[in-house]
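Spelled out from the first residue to the last, the chains are:
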Amino acid sequence: MLSVFKGCLSLSLIVMNTLLCFMPVMVLAVFKCLIPVNSVRAILNVALDRIATFWIGINNINQRYLGGTHLDVSGDCRFSINQWYMVVANHQSWVDILILQRIFNRRIPFIKFFLKRELIWVPFIGLAWWALEFPFMKRYSPALLKKRPDLKGKDIEVTKKACEKFQHFPVSIMNFLEGTRFTIEKHDQQSSPYRHLLMPKAGGLSFALNAMNGKLRQLVDVTIVYPGGTPSFFDYLRGDVSQVKVHIRVMPIESGLLGDYQNDAEHRASFQQWVNQLWQEKDQRFECSLQQVNLDEET
């Protein structure tokens, strides 16, 4: 009963925090709509990001004291809020986003996620994402593209337009390369060659890197492991997740990674090979983390 109470209290505090921060976000969003001046909008964007950073900070305090989950973070830990970053991570649960926010808030520029367009209808949060200029992506199925060839490339256009806005001040762009949360069923359907991961989608990452015109110079590769099994959002809030292991690796984004992914077959093959190698190494780190947990339990 205590854990359920803690979970409900934690969720209530998140909702209250969201409602309080939502109001100034919407006020600034209205000004953005009414004042179509780039310099003014840039200032408003900075203010909006600071409100979101404050919102995350309050949520982090909530999680730290009510949830009590220990984050075992290893790897590279030196960052700058004045640098542009591309952040990639494996994806297992909504909790992944809370973990990333706990680790990186105020250490790197505010993280922007690529979101499915349907998420704009999430109460309060959807409007906040819109005001904060999170890019909303529209996915088209192969069957629809076959019927409507004119839709081909539309998602790329959205990526480019979103990234153009990110070139004027430092930002961190988050990309879950698997495109969906890991489940055993999805893993089996894909016949994934990785033990703990789904197959990565290289195209979106390539488009984002190119759209930023060289601003993104460092890639932050994050591996998230839940030793006790993948938790639900409420499992995490009520304190049922005792430990999360996170490994961080910072890599330079070399000029050779930039190129025409859509039309240059040689570059596409090279970039896919690079991403597959990145994912192979991530899968190995995931396995090593689990093995280390088992050794610690035995001793």
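Structure: above.
Attention here is on the structure that accompanies the text. Keep in mind it's a predicted model, so treat the numbers as computed, not measured.

Helix and strand counts for the protein stand at 10 helices and eight strands. Taking 19 Å as the expected radius of gyration for a compact globule of 299 residues, we find that the protein reaches 20 Å, a close match to that expectation. Structurally, the protein occupies a C-alpha span of about 55 × 45 × 40 Å along its principal axes. Within the span of the protein, comprising 299 residues, buried residues form 46% of the whole. Summarising the internal contacts of the protein: among those between residues at least 6 apart in sequence, 76% fall at separations of at least 24. Only carbon and sulfur atoms are counted for the fraction: they give 58% of the accessible area of the protein, which is about 16,000 Å².

Moving on to the pairing of strand 7 (residues 218–225). Across the eight residues of strand 7, seven count as buried, placing the element largely inside the fold. Sheet topology places strand 2 (residues 85–89) next to strand 7; five bridges connect them, and they run parallel. Along strand 7, the bridge assignment pairs M86 with L219. Taken together, the eight bridges between strand 7 and strand 8 (residues 243–252) define a ladder with antiparallel strand orientation. The partner of V222 across the bridge, within strand 8, is I248.

Moving on: the packing of aromatic side chains. Summed over all chains, the structure comprises nine aromatic pairs. Measuring from ring centre to ring centre gives 5.5 Å for F79 and F104, while their planes differ by 85 degrees; the resulting arrangement is edge-to-face. A residue pair is termed long-range when its members are at least 10 positions apart, and F79 in the loop between strand 1 (70–75) and strand 2 and F104 in helix 3 (residues 95–104) qualify at 25 residues. Taking 6.4 Å as the distance between ring centres and 35 degrees as the angle between the ring planes, the aromatic pair formed by W129 and F134 counts as tilted. Among the residues examined, F134 registers a relative accessible area of 5% and is labelled buried. Among the aromatic residues, those joined into a ring-pair cluster are F110, F113, W129, F134 and F176. When the ring centre of W279 is taken as origin, the NZ or CZ atom of K282, which lies over that ring, is 5.2 Å away.

Turning our attention to the side chain of D221. Here D221 is to be found in strand 7. With a relative accessible area of 0%, D221 lands in the buried category. Side-chain polar atoms of D221 contact the side chain of K282, separated by 2.5 Å. Among the polar contacts listed, one links the side chain of D221 to the side chain of R285, at a separation of 2.6 Å.

Even without being a glycine, E133 presents a positive backbone phi close to 65 degrees. Looking at where E133 falls in the secondary structure, it is placed in the loop between helix 4 (125–131) and strand 5 (136–137). Not every positive phi belongs to a glycine, and S191 is a case in point at roughly 55 degrees. Mapped onto the fold, S191 is located in the loop between helix 7 (184–190) and helix 8 (202–211).

Throughout the structure, instances matching the rule amount to 10 salt bridges. We note a salt bridge from K245 to D72, for which the minimum N-O separation is 2.7 Å. Of this pair, K245 sits in strand 8 while D72 sits in strand 1, and the two are 173 residues apart along the sequence. Note on D72: relative accessible area 26%, which makes it partly exposed. Ionic pairing is found between D235 and R238, a salt bridge with its closest N-O pair at 3.4 Å.

So, on to the packing of helix 2 (residues 38–67) against helix 3. The geometry of helix 2 relative to helix 3 is characterised by a closest axis approach of 10 Å and an angle of 105 degrees between their N-to-C directions. Compared by their axis directions, helix 2 and helix 3 come out roughly perpendicular. Contacts between helix 2 and helix 3 involve W55, I56, N60, Q63 and R64 on the former and, on the latter, L98, Q101 and R102.

Turning our eyes to something else, we now look at helix 3. Counted residue by residue, helix 3 has 10 buried out of 10 residues, so it is predominantly covered. Those residues of helix 3 that sit buried are V95, D96, I97, L98, I99, L100, Q101, R102, I103 and F104. R106 sits one or two residues past helix 3 and shows a positive phi near 70 degrees.

Let us now look at the packing of helix 1 (residues 2–34) against helix 2. Packing of helix 1 against helix 2 brings their axes to within 10 Å, and their N-to-C directions diverge by 175 degrees. By the angle between their axes, helix 1 is roughly antiparallel relative to helix 2. A class-by-class count of the residues in the contact of helix 1 with helix 2 yields 17 nonpolar, six polar and three charged.

Criteria and thresholds
Residues numbered from 1 in each chain as written. Predicted model: local features only at pLDDT ≥ 70, side-chain atom pairs only at ≥ 80, totals over all residues. Heavy atoms only, no water. Helix = DSSP H or I, 4+ residues; strand = E, 2+ residues; numbered from the N terminus. Rg over C-alpha atoms; globule rule 2.2 N^0.38 Å. Buried < 20%, exposed > 50% of the residue type's maximum accessible area, 1.4 Å probe, protein only. Contact = heavy atoms within 4.5 Å. Areas by Shrake-Rupley, 256 points an atom, 1.4 Å probe, with all protein chains shown as cover. Pairing = 2+ DSSP bridges. Phe/Tyr/Trp six-rings, centres within 6.5 Å; stacked < 30°, edge-to-face > 60°. Lys NZ or Arg CZ within 6 Å of the ring centre and 35° of its normal. Polar contact = N/O pair within 3.5 Å; in protein donor to acceptor, adjacent residues only side chain to side chain. Salt bridge = Lys/Arg side-chain N within 4 Å of Asp/Glu carboxyl O. Axes fitted to C-alpha atoms, helices over the stretch in contact; angles between N-to-C directions. Parallel < 35°, antiparallel > 145°, perpendicular 65-115°, else oblique. Nonpolar A, V, L, I, M, F, W, Y, C, P; charged D, E, K, R; others polar.

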